[in-house]
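Okay, here's what each chain looks like letter by letter:
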Amino acid sequence: MEVIRVDAEHPDAASVERAAVVLRRGGLVAFPTETVYGLGGNALDTEAVARIFRAKGRPTYNPLIVHVADSKAARALVTRWPDAAGRLAAAFWPGPLTLVLPKAAAVPEAVTAGLSTVAVRVPAHAVALALLRAAGVPVAAPSANPSTRVSPTTATHVARTLEAEVDLILDAGPASVGIESTVLDLSGAEPTLLRPGAVGREEIEAALGSPVSLAAAHPPENASAPRPSPGMLERHYAPRAALRLFPEGDAEACGRLARQASEAGLTTGALLRTPIEAPVDHPYPMPATHDGYARLLYAALHAMDDAGCDVILVEDVPGDGAWAAVRDRLRRAAHGS
Ligand code: TXA
Ligand code: MG
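Just so it is clear, the model here is predicted, and its values are computed rather than measured.

Draft legend 1. Representation of the overall build of the chain. Each helix and strand counted, the chain has eleven helices and 15 strands in total. Computed over its C-alpha atoms, the radius of gyration of the chain comes to 20 Å, within 12% of the 20 Å expected for a compact globule of 337 residues. Seen along its three principal axes, the alpha-carbon backbone of the chain occupies a region of about 60 × 45 × 40 Å. Here the chain, with 337 residues, has 56% of them falling under the buried criterion. Sequence separation of at least 24 residues holds for 67% of the intrachain contacts in the chain that already meet a minimum separation of 6. Surface summary for the chain: the accessible area is close to 13,700 Å², and the carbon and sulfur share equals 52%. With 31 positive and 37 negative side-chain charges, the chain shows a spacing of 5 Å between the two charge centroids.

Structural data, given as structure tokens:
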């Protein structure tokens with residue numbers, strides 16, 4: 001595996017071309033986007049797509065997002081481009097919004113896990129866009145982490161877990177958004193939010209001038225029932241450590257959980273939003289704003305894993321819409337742990 005350091009705003013053409021060649025030859029390139037690093041392969045090459053699934057240990061029923069450089073390239077991958085898609089693309093692309101639309105025949109079923117729809121997005125990152133243009137093919141890219149684990153916001157996170165599987169990493173420093181894109185299904189009768197992300201539901205509703213419904217929070221256990229979003233496994237974005245949420249500002253609850261854990265001989269960490277004293281081995285102060293928090297969340301979880309934490313105490317975040325995506329990630333990371 002090769003790591004090439006590139007400038008996040010002005011990547012040099014030769015480095016980008018090196019990566020584009022790897023993609024065109026069926027190889028895998030980890031590249032930066034504004035949300036998290038992606039593990040990219042040529043979306044039209046079923047062998048490359050199969051390699052992505054193998055590299056991540058990803059269940060084959062979980063479809064991939066296809067990245068393109070502009071809406072024209074996105075339209076070439078779908079059979080229907082509703083008015084809503086046009087409006088949202090104009091409002092949020094390039095940006096952290098993924099649209100699910102009926103797929104064109106050119107998109108292999110391996111990418112969409114056999115679904116009749118495809119997820120497409122134009123990332124807001126100069127390196128990603130330069131790579132997509134140079135490659136000249138749509139790039140299927142899930143987050144560059146082993147399935148169910150914490151997504152990578154730096155090249156180091158990628159190298160640590162996927163070193164053996166990736167041919168090349170473009171390292172452009174830390175991601176600016178820090179959590180994954182919002183996934184919105186436009187293939188049905190009404191727009192449905194499948195995954196909360198950096199673009200808020202309210203912002204989407206404002207751009208559409210109409211309401212957006214929410215997909216069922218958890219996929220049905222019944223395997224034959226339709227899965228609105230195959231990727232929404234309950235335990236996801238999970239560090240090795242167990243996560244325990246406690247109410248905002250509740251120093252007493254935090255102390256109790258910390259004492260229980262240390263009496264059991266466990267190494268403890270804490271993600272703290274308010275200046276409470278947490279009797280843990282590795283306290284980690286987090287930003288007070290939702291976007292600042294999102295930017296640092298995965299790096300904090302990776303750091304706690306590196307520090308050997310067995311338990312991470314997490315001070316809960318506010319309940320309003322602006323925090324929906326962060327709240328979703330924290331709950332998924334905590335689920336079943
Ligand atoms: O920010 C992001 O979206 C990052 C960067 C690399 O772009 N990518 C990412 O990909 O988060 P991944 O594979 O980790 O998550 C893709 C999500 C999954 O929940 C998957 O189930 C859903 O999108 N998805 C993909 N295609 C879909 C489809 N046709 N219908 C419904 N959901 C789909
Ligand atoms: Mg992922």
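Draft legend 2. Looking closely at the environment of Arg331. Secondary-structure assignment places Arg331 in helix 11 (residues 324-334). Taking relative accessible area as the criterion, Arg331 reaches 37% and is therefore assigned partly exposed. Taking the C-alpha atoms as reference, Arg331 lies 9.6 Å from Ala238; in sequence the two are 93 residues apart. If we ignore the near neighbours within four places in the chain, the residues touching Arg331 are Leu245 and Asp316. Reaching out from Arg331, the side chain makes a polar contact with the side chain of Asp316 at a distance of 2.8 Å.

Draft legend 3. View of the sheet that holds strand 5 (residues 97-102). Read across the open sheet, the eleven strands follow the order 1-8-2-3-7-4-6-5-9-10-11; overall the sheet is mixed. A single partner strand is all that each edge strand has here, and the edge strands are strand 1 (2-5) and strand 11 (213-214). By the bridge criterion, two bridges tie strand 10 (residues 192-195) to strand 11 in an arrangement that is parallel. Pairing of Thr192 across the sheet is with Ser213, part of strand 11.

Draft legend 4. Highlighting the packing of helix 10 (residues 290-306) against helix 11. One can describe the packing of helix 10 onto helix 11 by two numbers: an axis separation of 9 Å at closest approach and a directional angle of 30°. Here helix 10 and helix 11 pass one another in a crossing that is left-handed. Residues His290, Tyr293, Ala294, Leu297 and Tyr298 of helix 10 lie in contact with helix 11, whose contacting residues are Val326, Arg329 and Leu330. In terms of residue class, the contact of helix 10 with helix 11 is built from six nonpolar, one polar and one charged.

Draft legend 5. Up close: the nonpolar core. By size, the foremost hydrophobic cluster in this structure holds 66 residues, and its most contacted members are Leu99, Leu170 and Ile204. The dominant element in this core, judged by the number of residues it contributes, is helix 6 (residues 126-135), at six residues. Beyond its immediate chain neighbours, meaning those up to four positions away, Ile204 contacts Leu88, Phe92, Leu97, Thr182, Leu184, Leu193, Val199 and Val212. Membership of the second largest hydrophobic core comes to 26 residues, among which are Leu297, Ala300, Leu301 and Met304.

Draft legend 6. Layout of the pairing of strand 13 (residues 268-272). Within strand 13, five of the five residues are buried, leaving the element largely enclosed by the surrounding structure. Where strand 13 meets strand 15 (residues 311-315), four bridges bridge the pair, whose relative direction is parallel. Within strand 15, the residue paired with Gly269 across the bridge is Ile312. In the sheet, strand 13 pairs with strand 14 (residues 282-285) via four bridges, with the strands oriented parallel. Bridge assignment links Gly269 to a residue of strand 14, and that residue is His282.

Reading the values: rules and limits
- Residues numbered from 1 in each chain as written.
- Chains lettered and ligands numbered in written order.
- Predicted model: local features only at pLDDT ≥ 70, side-chain atom pairs only at ≥ 80, totals over all residues.
- Heavy atoms only, no water.
- Helix = DSSP H or I, 4+ residues; strand = E, 2+ residues; numbered from the N terminus.
- Rg over C-alpha atoms; globule rule 2.2 N^0.38 Å.
- Buried < 20%, exposed > 50% of the residue type's maximum accessible area, 1.4 Å probe, protein only.
- Contact = heavy atoms within 4.5 Å.
- Areas by Shrake-Rupley, 256 points an atom, 1.4 Å probe, with all protein chains shown as cover.
- Lys, Arg positive; Asp, Glu negative; His and termini not counted.
- Charge placed at Lys NZ, Arg CZ, Asp CG, Glu CD.
- Polar contact = N/O pair within 3.5 Å; in protein donor to acceptor, adjacent residues only side chain to side chain.
- Pairing = 2+ DSSP bridges.
- Axes fitted to C-alpha atoms, helices over the stretch in contact; angles between N-to-C directions.
- Left-handed = near helix turned anticlockwise from the far one by under 90°.
- Nonpolar A, V, L, I, M, F, W, Y, C, P; charged D, E, K, R; others polar.
- Core = buried A, V, L, I, M, F, W, Y, C linked by side-chain atoms within 4.5 Å.

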